[in-house]
Amino acid sequence: MDKNYNIEKFQKELDEGYSLYFTYVRNRYLIFKTSENCYTQKLITIHDKNPHPVIQMLTKKRVVEMFPFMEDIEYKQN
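Residues numbered from 1 in each chain as written. Predicted model: local features only at pLDDT ≥ 70, side-chain atom pairs only at ≥ 80, totals over all residues. Heavy atoms only, no water.

A.B. asks: I tried to follow the pattern of salt bridges on my own but got confused; where do I start?
C.D. replies: Scanning all chains against the criterion turns up five salt bridges. Between Glu74 and Arg28 there is a salt bridge, and its shortest N-O distance comes to 3.1 Å. A residue pair is termed long-range when its members are at least 10 positions apart, and Glu74 in strand E5 (residues 71–75) and Arg28 in strand E2 (residues 27–35) qualify at 46 residues. A relative accessible area of 42% means that Glu74 is categorised as partly exposed. When its relative accessible area of 15% is taken as the criterion, Arg28 is described as buried. (Salt bridge = Lys/Arg side-chain N within 4 Å of Asp/Glu carboxyl O. Helix = DSSP H or I, 4+ residues; strand = E, 2+ residues; numbered from the N terminus. Buried < 20%, exposed > 50% of the residue type's maximum accessible area, 1.4 Å probe, protein only.)

A.B. asks: Sorry if this is basic, but what is going on with the side chain of Gln11 here?
C.D. replies: Relative to the elements of secondary structure, Gln11 occurs in helix H1 (residues 7–15). The class for Gln11 is buried, based on a relative accessible area of 13%. Contact partners of Gln11, with chain neighbours within four places excluded, come to Lys60 and Val64. (Contact = heavy atoms within 4.5 Å.)

A.B. asks: Got a minute to help me understand unusual backbone geometry in this structure?
C.D. replies: Excluding glycine, a negative phi dihedral is what most residues carry, and trans is how most peptide bonds are arranged. Positive phi outside glycine occurs at Arg26, with the angle close to 65°. For Arg26, the location among the structural elements is in the loop between strand E1 (20–24) and E2. Notably, Asp72 is not glycine yet its phi reads approximately 50°, a positive angle. Following the sequence through the fold, Asp72 ends up in strand E5.

Written as structure tokens, this is what we have:
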């Protein structure tokens, strides 16, 4: 990840309507803003024996907690 990329820029991009892919604990996710203080996280890499939920609703606090451990952040392209 770029050293200049920080949580403020990440949150601003989500607030502006961007959807972002990222890797977290060896799984690939898509995240986007759903409403005020609410984000939707979708699991992209589904393994046969994966105990992770496929779709989760997250608060801003949880996104901030996860950010330092996110890798390979990319914009979603249509």
